[in-house]
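Chains, contacts and geometry: an overview
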Amino acid sequence: MPCWIDTHCHLDAPEFAADLPAVRQQARALGVRCCVIAAVRASTFDEARQAAHRLGDAYALGTHPLYVPQAGEDAAQQLAAALQAHAGDARLVAVGEIGLDFFAPALAAPPWRERQQALFRQQLKLARRHGLPVILHSRHAVDAVLRHLRETGPHTGIAHAFSGSEQQARAFIELGFKLGFGGACTFERATRLRHLAAALPLEALVLETDAPDMPPHWLYATARQRASGQPQGRNTPAELPRIAAVIAGLRGMPVQALAEAAWRNTLEALPRLAGLGLD
């Protein structure tokens, strides 16, 4: 059976509170050897860390751009304290999920646009100080994210849920980043994204679910279906092998070959994973 690493999920989310051990065991039975649990704000740092230790997984700490309005002025200081407190924790593998989000109108306008960018730069500098890669969110903000990386770098890590242009993808690759692909690639209408998943260099790809968010097409319920009472399917790390099979099909390659490449790529992007005895 192929072995997988889910490079981005949120197993500390409320959606998993009732049955987290069973969710993780289901994924493990399908070959998902490790999940990287990305925190989204300081108030969830402990939950992400504890979940990683309880489940035998890994975690990242950071403030997600969507939570900047709720974050205090001391958000960077809280991250600095957490990184210092857990500097010797082998399961702490990155700073993330951090980045920029200019999709939501309120976040794309003052004052939150500027606040996002200031906190992003602070978190990037903390990652450099602690020698950690970064896990990036860049919705409708890829060029701005790239600019901040160049100005505060060098950095390495993963551009999570990449959805930019091929030129932007190659800019990330030139900086040493891997690109995260997940459930969005399973939708036939996502033609540009599917082209990228097929055409970009194999050594640039890593795999993710973003569970419980970004469900693959077989779990997705349209607005009309939801209005008629059909629930949205819950995305979990157990979906990763099936998502990977779609991406392997797009690339015209065996699933096992994709699994081996994604594994290597993930260990390059998040080197501390190598110390967790996953092999």
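All values derive from a computational prediction rather than experimental measurement.

What counts and how
Residues numbered from 1 in each chain as written. Predicted model: local features only at pLDDT ≥ 70, side-chain atom pairs only at ≥ 80, totals over all residues. Heavy atoms only, no water. Phe/Tyr/Trp six-rings, centres within 6.5 Å; stacked < 30°, edge-to-face > 60°. Lys NZ or Arg CZ within 6 Å of the ring centre and 35° of its normal. Axes fitted to C-alpha atoms, helices over the stretch in contact; angles between N-to-C directions. Helix = DSSP H or I, 4+ residues; strand = E, 2+ residues; numbered from the N terminus. Parallel < 35°, antiparallel > 145°, perpendicular 65-115°, else oblique. Contact = heavy atoms within 4.5 Å. Nonpolar A, V, L, I, M, F, W, Y, C, P; charged D, E, K, R; others polar. Pairing = 2+ DSSP bridges. Salt bridge = Lys/Arg side-chain N within 4 Å of Asp/Glu carboxyl O. Buried < 20%, exposed > 50% of the residue type's maximum accessible area, 1.4 Å probe, protein only.

**Side note on the packing of aromatic side chains**
All chains considered together, the criterion is met by three aromatic pairs. The interplanar angle of 65° and the centroid separation of 5.8 Å between the aromatic rings of Phe172 and Phe177 together place this pair among those described as edge-to-face. The ring centre of Phe102 lies 3.8 Å from the NZ or CZ of Arg113, which sits over that ring. The residue whose ring lies beneath Arg242 is Trp218, and the NZ or CZ to ring-centre distance is 3.9 Å.

**A look at the packing of helix 8 (residues 191–199) against helix 10 (residues 240–251)**
Orientation of helix 8 relative to helix 10, taken along the N-to-C sense of each, is 75°, at an axis distance of 8 Å. The angle between helix 8 and helix 10 places the two elements in the roughly perpendicular class. Facing Arg194, Ala197, Ala198 and Ala199 of helix 8, the residues of helix 10 in contact are Val246, Ile247, Leu250 and Arg251. Residues of the contact of helix 8 with helix 10, tallied by class, amount to six nonpolar, no polar and two charged.

**Quick look at the sheet that holds strand 3 (residues 58–61)**
Read across the sheet, eight strands follow the order 1-2-3-4-5-6-7-8 without closing on themselves; strand pairing throughout is parallel. The two strands at the open ends of the sheet, each matched to only one other strand, are strand 1 (4–9) and strand 8 (205–207). This sheet shows a mean twist of 30° between the axes of neighbouring strands, independent of strand direction. As defined by bridge partners, strand 2 (residues 32–38) adjoins strand 3 across three bridges and the pair is classed as parallel. Bridge assignment links Ile37 to a residue of strand 3, and that residue is Tyr59.

**With respect to unusual backbone geometry**
Here Gly96 and Glu97 are connected by a cis peptide whose omega angle stands at 5°. If you trace the backbone, Glu97 turns up in strand 4 (residues 92–101). Here the residue pair Gly153 and Pro154 is connected by a cis peptide bond, since its omega of 10° sits within 30 degrees of zero. In this fold, Pro154 is placed in the loop between helix 6 (142–152) and strand 6 (157–159). With a phi close to 50°, Ala161 is a non-glycine residue in the positive phi region.

**Some remarks on the pattern of salt bridges**
This structure, assessed with the given rule, holds eight salt bridges. A salt bridge links Asp46 to Arg49; the nearest nitrogen and oxygen atoms lie 3.6 Å apart. With a gap of three residues between them, Asp46 and Arg49 both fall in helix 2 (residues 45–55), about one helical turn apart. We note a salt bridge from Asp101 to Arg139, for which the minimum N-O separation is 2.8 Å. Residue Asp101 is found in strand 4, and its partner Arg139 is found in strand 5 (residues 134–139); the two are separated by 38 residues along the sequence. Judged by relative accessible area, which is 0%, Asp101 ranks as buried. Look at the salt bridges and you will find they share partners, linking Arg121, Arg147 and Glu151 into a network.

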